[in-house]
Amino acid sequence: MAGPLVLGILFVTGTLFGDQQIHRFQRLAALDVASRLEGQDKAVKVEVGLNGLAGIWGDLEFAEITASDFVIQGLPLFTEPDRSKSGRIGTLGLRLSDFTLRKLHVHRLDADIPDCRYDFGLARDKHRLRLSRSGTGTGSVTIKEADLARFIMAKFPEITDCTVRADKGVVWVEGHGRFLLVTTDFTCIAKLGVVDGTKIVLQDAKVYFDWNRVDGPARDAVLKLLTPVVDLDRDLGLFDAVTVDKVDCRDGKLVASGRTKIPQRPTPPVSIPRS
C-alpha cells in the first residue's frame, strides 16, 4: 500500500492541482472575474501558487488578480462568510490598472491582503474563486491629476471648468464655478488630508477669486462644496475596502495609501448597474 506522502504527491501532480489543472483553474478563474467587469479592452489574469504539499487541501501560498482597461460601478470582489473556509490564501494580491470606477478613472490600485479563506470545493470543482474571509493588508490607490479634475467636474455641477496640479505635497484646483451668489474663476491651493479613513479633504487651503485672496463666507463656500473631494465609500462604493492613512501628491499624481481588505458582501446584495 502506498504511503500517504506518495499518495499526496500523486494527488497533487495528477488530479487536483497539477500543472495542467493549475493552468485551467487560472484561465477559468480569470474568465469568472472578467465576467464582473465591463469594457471591450478589459484584460484579466489570475495566478496562484501552491503552498507545497499543503496544496492538497487548498492551501495557496498566493493568489494574484491582475486586471486592466475595464469599467465597473462597484467592487468586483466581496467575501461571503457563509461559504466554506476550507481553502487558504497566504497573500491575495490585487494589481488593477487604468480602470474607471463609477465616475473616477484610477491609474493603479495595488493591494496585498494576507490570510484569506476561500471555498476550496467550489474552486476545485467549478474553477470559481469565492472568498469567505479576508485578512487586513496594505495597499495604495494612484490617481492622475487630469483624472481628478474630470471627476471634480462630474461630481460637482457647480464647477464648469477645472484643472488640477499635484506636486510636492500640494494640490492646485483651478477653474470656473458658482459659489453662493458669485460665478467666478477660482483657485484653491491646499494640502490633502483624510477624515474617517475614507474621505479625502482639502486642508490649510488658500482660496482666490480672479486671483484676489478671499476669506470668510466666500472661502467657506468653496471648501464646503469641495469637501470631501473624494468619498471612497459614497462616491466609489468601496464599502470600507480601503482605509486611507495618508495621501501624497507628487509628479502629477495623488497616492492614497493605507489598509485594505475584501469587505463582506452587503445584505441584501448591492445591485451594480451596467455602465
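Computed from a predicted structure; not experimentally measured.

Undergrad: Hey, could you run me through unusual backbone geometry in this one?
TA: When glycine is set aside, most residues are seen to have a negative phi, and most peptide bonds are trans. Following T227, the chain continues into P228 via a peptide bond in cis, with omega recorded as -10°. Its location among the elements puts P228 in the loop between α5 (216-225) and β13 (230-231). Its identity is not glycine, yet D196 carries a phi of approximately 60°, on the positive side. With respect to the element layout, D196 can be found in the loop between β10 (182-195) and β11 (199-209).

Undergrad: For this particular structure, what's the right way to read the side chain of T184?
TA: In this fold, T184 is placed in strand β10. Within the structure, T184 has its side chain in polar contact with the side chain of D210 (distance 3.3 Å). Setting aside chain neighbours within four positions, we find T184 in contact with G175, H176, G177, F179, F209 and D210.

Undergrad: Looking at this structure, I do not really get the packing of aromatic side chains. What am I missing?
TA: Working definition: an aromatic ring pair is given by the centre-to-centre distance plus the angle between the planes. Following the criterion strictly, the structure yields six aromatic pairs and no others. Taking the centre distance of 5.2 Å and the plane angle of 80° together, the rings of F179 and F186 count as edge-to-face. Both residues of the pair, F179 and F186, count as buried. Aromatic pair F179 and F209: ring centres 5.7 Å apart, planes at 15°, arrangement stacked. One end of the pair, F179, is in strand β9 (residues 170-179); the other, F209, is in strand β11, with 30 residues separating them in the sequence. Each member of the pair F179 and F209 is classed as buried. Through successive ring pairs, a cluster of aromatic residues spans F179, F186 and F209. Here the guanidinium or amino end of R124 rests over the ring plane of F120, the centre of that ring lying 5.4 Å away. A cation over a ring is seen here: R165 above W172, with NZ or CZ 4.5 Å from the ring centre.

Cut-offs applied
- Residues numbered from 1 in each chain as written.
- Predicted model: local features only at pLDDT ≥ 70, side-chain atom pairs only at ≥ 80, totals over all residues.
- Heavy atoms only, no water.
- Helix = DSSP H or I, 4+ residues; strand = E, 2+ residues; numbered from the N terminus.
- Polar contact = N/O pair within 3.5 Å; in protein donor to acceptor, adjacent residues only side chain to side chain.
- Contact = heavy atoms within 4.5 Å.
- Phe/Tyr/Trp six-rings, centres within 6.5 Å; stacked < 30°, edge-to-face > 60°.
- Buried < 20%, exposed > 50% of the residue type's maximum accessible area, 1.4 Å probe, protein only.
- Lys NZ or Arg CZ within 6 Å of the ring centre and 35° of its normal.

In short, shape yes, function no, at least from these values alone.
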